[in-house]
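Structural characterization, general
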Amino acid sequence: MNEAAPMTLPASERDSRGWIARLQDNRLLLGMIFLFPAAVILLVFLTYPLGLGIWLAFTDTQIGRPGIFIGLENYESLWNDSVFWLSVFNTILYTVVASVVKFALGLWLALILNERLPFKSFFRAVVLLPWVVPTVLSAIAFWWIYDAQFSVISWALIKLGLIEHPINFLGDTTLARASVIAANIWRGIPFVAITLLAGLQTISPSLYEAATLDGATGWQRFWHVTLPMLTPIIAVVMTFSVLFTFTDFQLIYVLTRGGPVNATHLMATLSFQRAIPGGHLGEGAAIAVAMIPFLLAAILFSYYGMQRRRWQQGGRD
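To keep things clear, this report deals only with the structure shown in the data block. Just so it is clear, the structure is predicted and the values come from calculations on it, not from any experiment.

On to the packing of helix H6 (residues 135-145) against helix H8 (residues 173-200). It is the contact of H6 with H8, at a shortest axis distance of 11 Å, that shows an interaxial angle of 135°. Classified by the interaxial angle, the pair formed by H6 and H8 is oblique. Crossing angle aside, the handedness with which H6 passes H8 is right-handed. Within the contact between the two elements, H6 uses Thr135, Ser138 and Phe142 and H8 uses Ala183, Trp186 and Arg187. For the contact of H6 with H8, the per-class residue count stands at three nonpolar, two polar and one charged.

So, about unusual backbone geometry. With an omega of -5°, the peptide bond between Gly259 and Pro260 qualifies as cis. Its place among the elements puts Pro260 in the loop between helix H11 (250-255) and helix H12 (267-275). Despite not being glycine, Val261 has its phi angle at roughly 55°, a positive value. Mapped onto the elements, Val261 comes out in the loop between H11 and H12. Positive phi, close to 60°, is recorded for Asn262, a residue that is not glycine. Relative to the assigned elements, Asn262 resides in the loop between H11 and H12.

Moving on, we get to the packing of helix H5 (residues 120-132) against H8. Close contact between H5 and H8 brings their axes to 6 Å; oriented N to C, the two are set at 135°. By the criterion of interaxial angle, the relationship of H5 to H8 is oblique. Seen along the crossing, H5 lies across H8 with a hand that is left-handed. Along the contact surface, H5 presents Arg124, Val127, Leu128, Pro130 and Trp131, while H8 presents Trp186, Arg187, Pro190, Phe191, Ala193, Ile194 and Leu197. Tallied by class, the residues present in the contact of H5 with H8 amount to ten nonpolar, no polar and two charged.

The topology assignment puts Thr61 in the loop between helix H2 (27-56) and helix H3 (73-79). With a relative accessible area of 12%, Thr61 lands in the buried category. Apart from the residues within four sequence positions on either side, Thr61 is in contact with Leu56, Gly67, Gly279, His280, Leu281 and Gly282.

Let us now look at the nonpolar core. One finds Tyr94, Leu109, Tyr146, Leu196, Leu230, Leu251 and Leu255 to be the most contacted residues of the largest nonpolar core, which totals 35 residues. At the level of secondary structure, the elements contributing two or more residues to this core comprise helix H4 (82-113), H6, H8, helix H10 (218-246) and H11. For this core, the element with the highest residue contribution is H8, accounting for eleven residues. If we skip the residues at most four places from it in the chain, Leu230 touches Leu107, Leu196, Gly199, Leu200 and Ile203. Leu56, Ala57, Val88 and Met267 belong to the second largest nonpolar core, which has 14 residues in total.

Turning our eyes to something else, we now look at the environment of Phe240. Relative to the elements of secondary structure, Phe240 occurs in helix H10. On the basis of relative accessibility, which here comes to 39%, the residue Phe240 falls in the partly exposed class. Measuring from C-alpha to C-alpha, the distance between Phe240 and Ser99 comes to 9.9 Å, with 141 residues separating the pair along the chain.

Definitions and limits used
- Residues numbered from 1 in each chain as written.
- Predicted model: local features only at pLDDT ≥ 70, side-chain atom pairs only at ≥ 80, totals over all residues.
- Heavy atoms only, no water.
- Axes fitted to C-alpha atoms, helices over the stretch in contact; angles between N-to-C directions.
- Helix = DSSP H or I, 4+ residues; strand = E, 2+ residues; numbered from the N terminus.
- Parallel < 35°, antiparallel > 145°, perpendicular 65-115°, else oblique.
- Left-handed = near helix turned anticlockwise from the far one by under 90°.
- Contact = heavy atoms within 4.5 Å.
- Nonpolar A, V, L, I, M, F, W, Y, C, P; charged D, E, K, R; others polar.
- Buried < 20%, exposed > 50% of the residue type's maximum accessible area, 1.4 Å probe, protein only.
- Core = buried A, V, L, I, M, F, W, Y, C linked by side-chain atoms within 4.5 Å.

Listed below in structure tokens is the structure:
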């Protein structure tokens, strides 16, 4: 009996299948194809607004009136603006204090949640609540907590006999700064804690076992095992924490709107105030553009953290 002849495909179909196979083997080209839609979205919704903002920073554009190119006049005006420099100070103070405290408390909380605890899943879900609640809603809650007449903190302290009159948290410059920082810390701790917890769970238990056999104490295991292995995660977490804190707007705007006496104005809130209610789009855009160097510094921090990760994996720095 004659054997069946092998079925041959048409030349066009063979070429089509060969092209698909070559595409699947070319990871670079395949990756570029998949990244193209995201690149288009970023170009339309990020690059264009950024470019427009940079252009407006060099013009005297106002709401309802197109501006002309004025060069560095907006920046010269800001250089001599005491309110602008106060907002720079407030932003740096707000970012540094809040980020450091969030990292310390978040790491402490992550270490606790990484232990064998009863109802561990429940506690992890509860920890996420401050991060899940919308910022405006949590800001309104803190607004009531800090209220000059109905503050629950003042009520508790009066009942304990520690104070005689309610505390005006948002009416005093120092207390207002501390109050908004505390609100930001409460909201940001869950993000730091859960992310670091995920990093802790990637550390091999054999490393701790080896350190224990070598006689390392709990602090030595943390310093020489946990912290080095968490370095890349810490770099990424702190980068996002700094970015979120530095550009914070909703929390400040709902609680104080920059008051009292501009004591809580951040660069983001001052930019909005000058551009939208004030109508000076060019000046507001200049303040926003002035934030870019600080944000780039945070990105570089993350970059060097990732370089450390490559060194740990045996790659080049």
